[in-house]
Amino acid sequence: MPPTAPGPAAPPPRPAAAPVDAGALRRWAGAALTVLGRHREEIDALNVFPIADSDTGTNMYLTFEAACRALDDRMAAPGPAPSVPEALQALAHGALLGARGNSGVILSQLLRGAAGARYTGSAVDGAALAAGLAAAAELAYEAVARPAAGTILSVASAAAEAASAAAAAIGELAARTEAPADGQAGQAGQVLPVQPVPPVPNPLTANDSLAYVAQATAAGAREALGRTPEQLDVLRQAGVVDAGGLGLVVILDTLAAYTGGLDPRGALRQRRLAAVRALEPVPAPARPEPEFEVIYLLEAADEAVAGLRRALDDFCERGGGDSLVVVGGDGLWRVHVHVDDAGFALEAGIAAGRPRDIQITHLASQVAKPAEPPALSASAAPGPRATRAVVAVAYGEGIAALLEEAGAHVLRVAPGRVPSAADFERAVAATRASEVVLLPNDTETTAVAAAVAERLSAGQPAMRVAAVPAKVTVQGIAALAVHEPSRRFDADVVAMTAAAGATRYGAIEVASAEAWTMAGVCRPGQVLGHVENDVALIEDDQAAAAEAVLERMLSAGGEMVTLVIGDGTEPGVPEAVTERVRMRHPVVDVVVYDGGQTGYPLLIGVE
């Protein structure tokens, strides 16, 4: 009998993906925060409901930033690492404490719902994500006194429905695979035609399942976002989609990219995500908008909060307000409402429990555009010069001393941490200045600084706060070098921004593990050369990497090189790099500072 011809070779086994744990959840949350920060201004610009105060993106960003900060604290606490449900609970609790505005309060409740879902099994798969989204949407609807179609709630509900349909498709495939009809094996791609989702992978791991449901969720959310102008007249009249819904789409898009194996910060670079506001003004509402936004944390029992909710809802129903949202549980609640009588909203809270962290905002001042300042004649006597301060973030004691010497108020940050919105707000308050410039000096922190500047400037008419987008310390140093308090505030900010933007930056970093980079595969101990935000080269020693980075940066020209030495710099590297620049570029000046930063043995700036 002739030998049987061999069949096609079996495909090589796929490497097993690491299961989703609290660390993976934090990495996704950090990426989502970054992408949300990139789209913050775009989301703000679309904000016309429930009131056109152009702060939805800022509020969602600051709320999610507080959530990430709480998860960081939980993961840094002594004891065993948190489980995924415990990490979700930390995110939800941080969002509750830091919730800003109507959209931020609802986002905190969505996180709380996801944390409260019942998760079965040890792996987080598509079914777990679907369960969490369903619980999140349900709890968010319950929190809003009078939910409206065409809002973030509609987008959350559609996302949950899409996730459930995708999870059902996975269950259908599993059933067919385990019990094939007529002896035929189940086929990949035989899914329920409910949502436009990609074919179900087969064989299916927990990670595949999670990525599949995440993609379906994001697709369902985007589709629902596009329908919001059809559901809400004020959006249709303005020619925009719902701002809060767009914020949720950004977060879910990031989840889909992350679980699909992409870095969301690169996969979702700044792009236009929504409709452009119509040129015609939005028609005036039938009745005047409420005068105040009132938000506070409330320590109260569940039964007392039920009475509070009824009292505020009755008050709104009689024409005293709207946008009532009450979220939370387990004795701690966040109350949000727009009212004409702020005192009534506070008294209702006092009757129910103990309010704290009270924020009252005059809504009309947020909507109205600031008037142009009157022009001064040549003979007009100038008024008293406003006190101005610069708050600069420092990631090492050497850098802190350098920034203080340049006249900045320094916000010191521990290694491995980034400053929160609350850190910036405390630092601004400590300056006691009426004009403050923020220098974040880190790519991940620029969005936090910008959001804080916008919020403080809008909330306190007598104060002006601006953030200069300094992405690294060398850009912050360049901005401080041109800072001139005697100039007009706007002119000073523009000059500092220009100086920071004109400073190209690079760095060297020692690889701690084998990894893929833009320059190829690196091994532990090799030195990565960064140019701007990309890994440009890989070398075996620090001096060679630093010299190669500088050659690339100076190929576009330059007059001054700034080197900031960090912890872990090999002896002789600064001297070797300085000598190399002087030999090959004799007209370029070199300045060396001892920064003491961790992570990067050398930061490089070229002006």
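Thresholds, definitions, all that
- Residues numbered from 1 in each chain as written.
- Predicted model: local features only at pLDDT ≥ 70, side-chain atom pairs only at ≥ 80, totals over all residues.
- Heavy atoms only, no water.
- Helix = DSSP H or I, 4+ residues; strand = E, 2+ residues; numbered from the N terminus.
- Buried < 20%, exposed > 50% of the residue type's maximum accessible area, 1.4 Å probe, protein only.
- Contact = heavy atoms within 4.5 Å.
- Phe/Tyr/Trp six-rings, centres within 6.5 Å; stacked < 30°, edge-to-face > 60°.
- Pairing = 2+ DSSP bridges.
- Axes fitted to C-alpha atoms, helices over the stretch in contact; angles between N-to-C directions.
- Parallel < 35°, antiparallel > 145°, perpendicular 65-115°, else oblique.
- Left-handed = near helix turned anticlockwise from the far one by under 90°.
- Nonpolar A, V, L, I, M, F, W, Y, C, P; charged D, E, K, R; others polar.
- Core = buried A, V, L, I, M, F, W, Y, C linked by side-chain atoms within 4.5 Å.

In this structure, A135 sits in helix α6 (residues 126-143). By relative accessible area, A135 is classed as partly exposed at 22%. The sequence separation of A135 and A117 amounts to 18 residues, and the corresponding C-alpha distance is 5.8 Å. In this structure A135 touches G113 and A117, once residues within four positions along its chain are discounted.

This part takes up the packing of aromatic side chains. Under the counting rule described, the total for this entry stands at two aromatic pairs. A centroid spacing of 6.0 Å and a plane angle of 80° characterise the contact between W28 and F64, whose relative ring orientation is edge-to-face. One end of the pair, W28, is in helix α1 (residues 22-38); the other, F64, is in helix α3 (residues 56-76), with 36 residues separating them in the sequence. Comparing W28 with F64 shows no difference in burial state: the two are buried.

Alignment of strand β9 (residues 504-510) against strand β16 (residues 602-606), held across five bridges, turns out to be antiparallel. Across the sheet, R504 pairs through a bridge with V606, a residue of β16. Pairing geometry for β9 and strand β12 (residues 527-531), over five bridges, is antiparallel. From the neighbouring strand, G506 faces β12, where its bridge partner is V531.

This next bit is on the packing of helix α5 (residues 101-116) against α6. Packing of α5 against α6 leaves a shortest axis separation of 7 Å and a crossing angle of 135°. Relative to α6, the element α5 lies oblique. Considering how the two elements wind past one another, α5 and α6 form a crossing that is right-handed. Contacts from I106, Q109, L110, R112, G113 and A114 in α5 reach G132, A135, A136, A137, L139, A140 and A143 in α6. Its residues assigned to classes, the contact of α5 with α6 comprises nine nonpolar, three polar and one charged.

What follows concerns the sheet that holds strand β7 (residues 435-439). Spatially, β6-β5-β7-β8 is the arrangement adopted by the four strands of the open sheet, whose pairing is parallel. Whereas interior strands pair on both sides, the edge strands pair on one side only; in this sheet they are β6 (409-412) and β8 (464-467). The sheet shows a mean angle of 20° between the axes of neighbouring strands, taken without regard to direction. Pairing between strand β5 (residues 388-394) and β6: four bridges, direction parallel. The residue bridging V393 from the neighbouring strand is L411, located in β6. Sheet contacts for helix α15 (residues 397-405): β5 and β6; angle to β6, the most-contacted strand, approximately 165°. Packing of helix α19 (residues 489-501) onto the sheet brings it into contact with β5, β7 and β8, and relative to β7 it is tilted by some 10°.

So, on to the nonpolar core. Counting residues in hydrophobic clusters, the biggest one holds 104 residues, and the most contacted among them are F64 and L438. Broken down by element, this core gets its largest block of residues, twelve residues, from helix α7 (residues 152-178). When residues no more than four places from it in sequence are discounted, the contact partners of F64 are W28, A29, A32, L33, L36, L107, L111 and I251. Core analysis: the next-biggest nonpolar cluster, separate from the first, contains 27 residues, L403, A408, I477 and A507 among them.

One way to put it is that α1 packs onto helix α4 (residues 84-98) with a least axis distance of 8 Å and a crossing angle of 35°. For the pair α1 and α4, the crossing hand works out as right-handed. Between α1, through A22, L25 and A29, and α4, the contact on the second element is made entirely by V84, A87, L88 and L91.

What follows deals with the side chain of Q109. By secondary structure assignment, the location of Q109 is in helix α5. We classify Q109 as buried; its relative accessible area is 4%.

Attention now moves to unusual backbone geometry. Notably, D330 is not glycine yet its phi reads approximately 55°, a positive angle. By the secondary structure assignment, D330 is in the loop between β2 (321-329) and β3 (332-339). With relative accessibility at 74%, the residue D330 sits in the exposed group. Its identity as a non-glycine residue notwithstanding, D357 has a phi of 50°, on the positive side.

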